[in-house]
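A look at the structure
The lines below spell out each chain.
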Amino acid sequence: GKLKGEGWIDVNRIELLSPETLEILRMGRKLEVSTGLFTGSDGMPGEWHGEKFEETLSDFIPDHLALLPNAEGACNFDAGCG
């Protein structure tokens, strides 16, 4: 029931940019991520499972996925993401 994706990483490029990130991936350790995307919104507040929200997003258009070896994503592992 979880949303999953697949990422393709250029090993030569990531080795130059962030050897630490490459090591985390090779070891199979958890790595925080952050997504960039465009969405539509209905602008209508509501409540779901007792939690209030400001609007419902739809029509997701992915833009990028950032790998965060030394930071925490806005929706992190503790929140069920990452």
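Residues numbered from 1 in each chain as written. Predicted model: local features only at pLDDT ≥ 70, side-chain atom pairs only at ≥ 80, totals over all residues. Heavy atoms only, no water.

When helices and strands are tallied, the protein chain shows two helices and four strands. Mapped from its N terminus to its C terminus, the protein chain presents α and β elements in the order α-α-β-β-β-β. The globule rule puts the C-alpha radius of gyration for 82 residues at 12 Å, and the 16 Å found for the protein chain is more than 25% above it. Structurally, the protein chain occupies a C-alpha span of about 45 × 25 × 25 Å along its principal axes. Burial analysis of the protein chain (82 residues in total) assigns 15% to the buried set. Across the protein chain, the 7 positively charged side chains and the 15 negatively charged ones have centroids separated by 8 Å. (Helix = DSSP H or I, 4+ residues; strand = E, 2+ residues; numbered from the N terminus. Rg over C-alpha atoms; globule rule 2.2 N^0.38 Å. Buried < 20%, exposed > 50% of the residue type's maximum accessible area, 1.4 Å probe, protein only. Lys, Arg positive; Asp, Glu negative; His and termini not counted. Charge placed at Lys NZ, Arg CZ, Asp CG, Glu CD.)

We now examine unusual backbone geometry. For His49, which is not glycine, the phi torsion reads 50 degrees and is therefore positive. Structurally, His49 can be placed in the loop between strand S2 (46-48) and strand S3 (51-53). Looking at His49, the relative accessible area reads 69%, which means it is exposed. For Asp59, which is not a glycine, the phi torsion comes out positive at approximately 55 degrees. Judged by its relative accessible area of 60%, Asp59 falls in the exposed class.

All right, on to the environment of Leu31 then. By the secondary structure assignment, Leu31 is in the loop between helix H2 (19-27) and strand S1 (32-41). As a C-alpha pair, Leu31 and Asp42 span eleven residues in sequence and 32 Å in three-dimensional space.

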